[in-house]
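Each chain is listed here by its residues.
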Amino acid sequence: MMRLEIRSLTVDLGKRRALEGISLSPAPGRLTALIGPNGAGKTTLLRAMAGLSRPSAGEVVLNAASLARMRASERARAIAYLPQGGGVAWPLPVASVVALGRLPHGEEPDNLPPSGREAVATALRSVGLQGFEGRPATSLSGGERARMLLARALATQAPVLLADEPIAALDPRHQLIVLKVLRAHARTGATVVVILHDLTLAARFADDIVLLEQGKIVVCGPPETVLTEARLASGFGIRARVVRDADGLSVVAQSPLPEA
Amino acid sequence: MLLTRSPLIPGLLALLVALSLASLVIGPAPISIPMALKALVSYQGAASIVVRELRLPRTLLALLIGWISGLAGAGLQGLLRNPLADTAVFGAPQAAAFGAVLVIYSGLVGTLSWALPFAAIAGALLSIALVVAVAGRSATIVVLVLAGLAVGSLAGAGTSLAISLSPNPFAVTEIVFWLLGSFEDRSMVHVMLASPFILLATLLILPAASGLRALALGEETARSLGINVALLRGRIVAGAAIGTGAAVAVAGSIGFIGLVAPHLVRPFLGYDPARTLVPAGLAGAALLLAADCAVRLIPSGAEVKVGVLTALLGVPFFLWVIARRKAELVEAPA
């Protein structure tokens, strides 16, 4: 099982310190949600975990090997990354877009070996897009496009999947579909880290939640310990009610607190 | 991977053979196809001189320059994920022309010198670097086009300045006619001058195919898929600049082939930016050779310059693409 570990990571974006002294080890087989207010450093952390940015200090380690010293293709086979709000530039067929997830294996979309074809078919099935193979990617609805891009990330069959706000701008049904797919993927033994803004969905789908604030981890643990009214007040600057029912926690945001 | 199993490539190759034959026989001196072929391989008096020294070089140049224009256009469109990208958008042909004009103007070399392609390539590279530096890496296409317009205008102004200050009327005539873009009176020396650079540009652009495919999903995703995006950008920009510089150095400014050719083939290839490269190059070669045959058939006193014809046909096409895609162009990031 692949283990991703972040060790005392500091990242500077220009002159601004975006992340400071982050240490984290998301567990394989579990869905970890990354939450925090805008500008807290969530995307910066996820990009660093994907090996897409150069840390100023500390390192990201994958099974004892430093990501910075890993070959790009090796890293790409181990870590699938789904950036925020991705689109497709050309009206490529859906199957070709999903098949791009096979590039790290040296497999080209128009010449996939049987294993690659199987991976693409499985990925399309898991997001419920079977039958969409030949559709131009640019003709899909927002929800279908999000599922296609998720299938692209799944097709890599990487043991680590990092997704940046995969349910932003999706309707409630598609939000649930995408989160279910991500959780099911985690249950296969993968390490799945997802940035979420919907705290109720984070509470219901994530096994662990990491609250990030001003580039630092405030708290990390199961939803019950992270999502408390006091933490929501200090972390997000909101007065919120946390309600527990049979389905789990719900976070009802009530009013913004005056700025400190 | 680069070659497609569709009949497009064999079809384009057959078209190129037919156009090449046509190019060998079209001209003021009437020569039949069998005679042209015979004159090519064995000495047939005047026919051999016409075919080998006049029509063969211009045919080869049209093929080479059309090829690299189509290839560079497809590469840039893939890189910028925008169907309106072309070397002309970066002001590269104007800048290449300015580089070459400076060299001709200085009187150090004639139009048949190795210094010419180097100066033109330097001009093209400089213009693309300037556009990218001004517009920034995540510029929208609108910013890119505006920056390209400014750089192209600056280069054009520089060229005009060189012409107006030139003390030598012969140099002025030489510069002006050469700027218009033509294959008239080109020799095998021009072919030899351009072909190493066009080969180099081809070798830079073709291996970028797989990366262009990944780039369809954006730069971040491409990087996460293990693509070295900086290297990819460098290869395509350098390839486009070297190809444009070499083309401008021997044939003057011939625009819009790189814009049009990828559009013609893309629908047949599932819009795959990798599979578009080779057919776009072949289509570019066919377009330019057809245009060069056409200018020889237009009845006029002096031959119409092929660069003028490609612009006359290319600009309306450019406008048509803009009109069709203007909704996306408002905010599409390059």
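Residues numbered from 1 in each chain as written. Chains lettered and ligands numbered in written order. Predicted model: local features only at pLDDT ≥ 70, side-chain atom pairs only at ≥ 80, totals over all residues. Heavy atoms only, no water.

Description of the overall build of chain B
Phase 1: Each helix and strand in chain B was counted, giving 14 helices and 0 strands.
Phase 2: In terms of overall dimensions, chain B is globule-like: its C-alpha atoms have a radius of gyration of 20 Å, near the 20 Å expected for 334 residues.
Phase 3: Referenced to the eigenvectors of the C-alpha coordinate spread, the extents of chain B come out at roughly 65 × 55 × 35 Å.
Phase 4: Split into buried and exposed, the 334 residues of chain B put 55% on the buried side.
Phase 5: Summarising the internal contacts of chain B: among those between residues at least 6 apart in sequence, 77% fall at separations of at least 24.
Phase 6: Taking the 19 positively charged and 12 negatively charged side chains of chain B as two groups, their mean positions are separated by 7 Å. (Helix = DSSP H or I, 4+ residues; strand = E, 2+ residues; numbered from the N terminus. Rg over C-alpha atoms; globule rule 2.2 N^0.38 Å. Buried < 20%, exposed > 50% of the residue type's maximum accessible area, 1.4 Å probe, protein only. Contact = heavy atoms within 4.5 Å. Lys, Arg positive; Asp, Glu negative; His and termini not counted. Charge placed at Lys NZ, Arg CZ, Asp CG, Glu CD.)

Considering the environment of Ile-9 of chain B
Phase 1: Relative to the helices and strands, Ile-9 of chain B resides in helix α1 (residues 8–25).
Phase 2: For the pair Ile-9 of chain B and Gln-77 of chain B, spaced 68 residues apart in sequence, the C-alpha separation works out to 20 Å.

Details of helix α6 (residues 172–187) of chain A
All names here are of chain A.
Phase 1: Look at α6: 22 Å from first C-alpha to last across 16 residues, which is about the 22 Å you get at 1.5 Å a residue.
Phase 2: Buried residues of α6: His-174, Gln-175, Ile-177, Val-178, Leu-179, Val-181, Leu-182, His-185 and Ala-186, and no others.
Phase 3: Check the buried side of α6 and you find it contacts β3 (31–35), α4 (114–126), α5 (142–155), β7 (160–164), β8 (191–195) and α7 (199–205).
Phase 4: Within two residues after α6, Gly-189 carries a phi angle of roughly 110°, on the positive side. (Expected span 1.5 Å × (residues − 1).)

Notes on the interface of chain B and chain A
Phase 1: Contacts between chain B and chain A engage 24 residues on the former and 28 residues on the latter.
Phase 2: The tally of links between chain B and chain A comes to 3 salt bridges.
Phase 3: Ionic pairing is found between Arg-213 of chain B and Asp-110 of chain A, a salt bridge with its closest N-O pair at 3.1 Å.
Phase 4: In this structure, the connection of chain B to chain A is made through 7 residue pairs in polar contact (both at pLDDT 80 or more).
Phase 5: Of all the secondary structure elements, the ones that give two or more residues to the side of chain B that touches chain A are α3 (46–80), α9 (209–215), α10 (219–224) and α13 (273–297) of chain B.
Phase 6: With 4 residues, the top contributor of residues to the side of chain B that touches chain A is α10 of chain B.
Phase 7: Split by residue class, the side of chain B that touches chain A holds 8 nonpolar, 8 polar and 8 charged. (Salt bridge = Lys/Arg side-chain N within 4 Å of Asp/Glu carboxyl O. Polar contact = N/O pair within 3.5 Å; in protein donor to acceptor, adjacent residues only side chain to side chain. Nonpolar A, V, L, I, M, F, W, Y, C, P; charged D, E, K, R; others polar.)

Here we look at the pairing of strand β6 (residues 79–82) of chain A
All names here are of chain A.
Phase 1: Burial of β6 is two-sided: the residues Ile-79 and Tyr-81 facing one way and the residues Ala-80 and Leu-82 facing the other way are all buried.
Phase 2: Of the strand pairs in this sheet, β6 and β7 are connected by 4 bridges, and their pairing is parallel. Within β7, the residue paired with Ile-79 across the bridge is Val-160. (Pairing = 2+ DSSP bridges.)

As for helix α12 (residues 257–265) of chain B
Phase 1: Counted residue by residue, α12 of chain B has 8 buried out of 9 residues, so it is predominantly covered.
Phase 2: By the burial criterion, the buried members of α12 of chain B are Ile-257, Gly-258, Leu-259, Val-260, Ala-261, Pro-262, His-263 and Val-265 of chain B.

Some details on the sheet that holds strand β9 (residues 208–213) of chain A
All names here are of chain A.
Phase 1: Across the sheet, which stays open at both edges, the 6 strands sit in the order β6-β7-β8-β3-β9-β10 with mixed pairing between neighbours. Pairing within the sheet leaves two strands with one partner each, and these edge strands are β6 and β10 (216–221). Across the sheet, the axes of successive neighbouring strands diverge by a mean angle of 15°, strand direction being ignored.
Phase 2: Across the face of the sheet, α6 comes into contact with β3, β7 and β8 while running at roughly 155° to β8. (Axes fitted to C-alpha atoms, helices over the stretch in contact; angles between N-to-C directions.)

Some details on a nonpolar patch on the surface
Residue and element names in this part refer to chain B.
Phase 1: A surface patch of nonpolar side chains, about 520 Å² in accessible area, is lined by Val-176, Phe-177, Leu-180, Val-308, Leu-312 and Leu-313.
Phase 2: When contributions to the nonpolar patch are tallied by element, the ones reaching two or more residues are α7 (169–180) and α14 (306–329).
Phase 3: Looking at the element boundaries, Phe-177 is found in helix α7.
Phase 4: On the basis of relative accessible area, Phe-177 is assigned to the partly exposed category, the value being 46%. (Patch = residues over 30% accessible without salt bridge, like charges linked within 9 Å, V, L, I, M, F, W, Y side chains within 5 Å. Areas by Shrake-Rupley, 256 points an atom, 1.4 Å probe, with all protein chains shown as cover.)

Here's the deal with the pattern of salt bridges
Phase 1: If you walk through the whole model with that rule in mind, you get 20 salt bridges over all chains.
Phase 2: Where Arg-58 of chain B meets Asp-292 of chain B, a salt bridge forms, and the shortest distance between an N and an O atom there is 2.8 Å. Of this pair, Arg-58 of chain B sits in helix α3 while Asp-292 of chain B sits in helix α13, placing them 234 residues apart in sequence. By the burial criterion, Arg-58 of chain B is buried, and Asp-292 of chain B matches it.
Phase 3: Sharing partners across several salt bridges, the network here consists of Glu-108 and Asp-110 of chain A together with Arg-213 and Asp-272 of chain B.

Some words on the confidence of the model for chain B
A low pLDDT means the predicted coordinates there should not be read in detail.
Residues and elements named next belong to chain B.
Phase 1: Predicted confidence across chain B gives a mean pLDDT of 86, with 93% of residues reaching 70 or more.
Phase 2: When the criterion is pLDDT under 50, residues 330–334 qualifies, and its contacts beyond four places in sequence or with other chains add up to 12 contacts.
Phase 3: Reported confidence for the predicted complex is 0.92 by ipTM and 0.89 by pTM. (pLDDT = per-residue confidence, 0-100.)

Side note on the nonpolar core
Phase 1: The biggest cluster of nonpolar side chains holds 153 residues, and the ones touching the most others in it are Val-98, Met-148, Leu-150, Leu-182 and Leu-227 of chain A together with Ile-65 and Phe-183 of chain B.
Phase 2: Other than its neighbours up to four places away in sequence, Leu-227 of chain A contacts Ile-35, Leu-199, Ala-203, Ile-209, Leu-232, Val-242, Leu-249 and Val-251 of chain A.
Phase 3: Counting residues in each nonpolar core, the second largest holds 28 residues, with Leu-45, Ala-50, Val-193 and Ile-195 of chain A among its members. (Core = buried A, V, L, I, M, F, W, Y, C linked by side-chain atoms within 4.5 Å.)

Some words on the sheet that holds strand β5 (residues 65–66) of chain A
Residue and element names in this part refer to chain A.
Phase 1: If you trace the 4 strands from one edge of the open sheet to the other, you get β2-β1-β4-β5, paired in antiparallel fashion. Here the strands that pair on one side only, and so sit at the sheet edges, are β2 (16–24) and β5.
Phase 2: Summarising the sheet, strand β1 (residues 4–13) and strand β4 (residues 57–62) pair through 5 bridges and their orientation is antiparallel. The residue bridging Glu-5 from the neighbouring strand is Val-61, located in β4.
Phase 3: Against the sheet, helix α1 (residues 42–49) makes contact with β1, β2 and β4, and its axis sits at roughly 125° relative to β1, the strand it touches most.

Details of the packing of aromatic side chains
Residues and elements named next belong to chain B.
Phase 1: For the structure shown, the criterion picks out 3 aromatic pairs over all chains.
Phase 2: Considering the side-chain rings of Phe-118 and Phe-197, the 5.2 Å spacing of their centres and the 90° angle between planes classify their relative orientation as edge-to-face. On the criterion of sequence distance, the pair formed by Phe-118 in helix α5 (residues 115–135) and Phe-197 in helix α8 (residues 188–205) is long-range, its members being 79 residues apart.
Phase 3: Assessed through its relative accessible area of 10%, Phe-197 is described here as buried.
Phase 4: Both rings, one in Phe-256 and one in Phe-318, keep their centres 6.3 Å apart while their planes meet at 65°; by these two values the pair is edge-to-face. Here Phe-318 lies in helix α14 and Phe-256 lies in the loop between α11 (229–251) and α12, a separation of 62 residues in the sequence. Each member of the pair, Phe-256 as well as Phe-318, is classed as buried. (Phe/Tyr/Trp six-rings, centres within 6.5 Å; stacked < 30°, edge-to-face > 60°.)

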